[in-house]
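Observations on chain architecture
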Amino acid sequence: MAGTTTKGFRYPTAGDNPAVHTDIFNLATDVDTFLDTPQVTTSIIFEGSTSDAFETTLTVTDPTADRTITLPNSSGTVALTTSIDDQARQITFLLGGM
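Bringing the overall build of the chain into the picture now. Scanning the chain from terminus to terminus reveals two helices and four strands. From first element to last, N terminus to C terminus, the chain shows the α and β order β-β-α-β-β-α. Buried positions account for 6% of the 98 residues belonging to the chain. By sequence separation, contacts in the chain at least 24 residues apart represent 11% of the contacts at least 6 residues apart. Summed over all atoms, the accessible surface of the chain reaches about 8,800 Å², with 59% contributed by carbon and sulfur.

Written out as structure tokens, the structure reads:
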């Protein structure tokens, strides 16, 4: 028999295997809590489709006030300021230093 969290996640009961029950129940409870109030301290780490030693980390600095960054409802690539600066220099060079 399995238990169910508030979000509907099923987990084994203590009678099935007490250690597994506790671990999975704790994980399911953490997932429920995160879904209710998703908060990340300073970073989100993305593994990607290949589980290896390489990840992408999205990090924020220590804010001095409330900030909002809005990603548009469209597909595309987010440009880094270093990429924009490099492209601007290349365009300027191609246009003869305008």
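The end-to-end C-alpha distance of helix 2 (residues 81-94), which contains 14 residues, comes to 20 Å, matching closely the 20 Å that a straight helix rising 1.5 Å per residue would cover. Within two residues after helix 2, G96 carries a phi angle of roughly 80°, on the positive side.

Here we take up the environment of T41. Residue placement: T41 occurs in the loop between helix 1 (18-36) and strand 3 (43-46). Given the relative accessible area of 75%, T41 is considered exposed. Each C-alpha atom, one on T41 and one on T59, is 9.2 Å from the other, the two residues being 18 residues apart in sequence.

Averaged over all residues, the pLDDT of the chain is 74; the fraction at 70 or higher stands at 71%. At the low end of the mean pLDDT range in the chain sits strand 2 (residues 10-12), at 62; at the high end sits strand 4 (residues 56-59), at 85.

Parameters at a glance
Within each chain, residues carry numbers counting from 1 in the order of the written sequence. Side-chain atom pairs in this predicted model are given and counted only at pLDDT of 80 or more, local residue features only at pLDDT of at least 70, and totals for whole chains, interfaces and linings cover all residues. The basis for every side-chain value is the complete set of non-hydrogen atoms in the structure, without hydrogens or water. Here a helix means four or more residues in a row that DSSP labels H or I, a strand means two or more in a row labelled E, and each is numbered from the N terminus. Relative accessibility thresholds used throughout: buried, under 20% of the residue-type maximum; exposed, over 50%; partly exposed, between the two (1.4 Å probe, protein chains only). Contacts are assigned to residue pairs with any non-hydrogen atoms lying within 4.5 Å of each other. Here the Shrake-Rupley method, with its probe set to 1.4 Å, supplies the accessible areas, and only the displayed protein chains count as covering residues. Residue count minus one, scaled by 1.5 Å, sets the expected span of a helix. A score between 0 and 100, pLDDT records how confident the predictor is in each residue.

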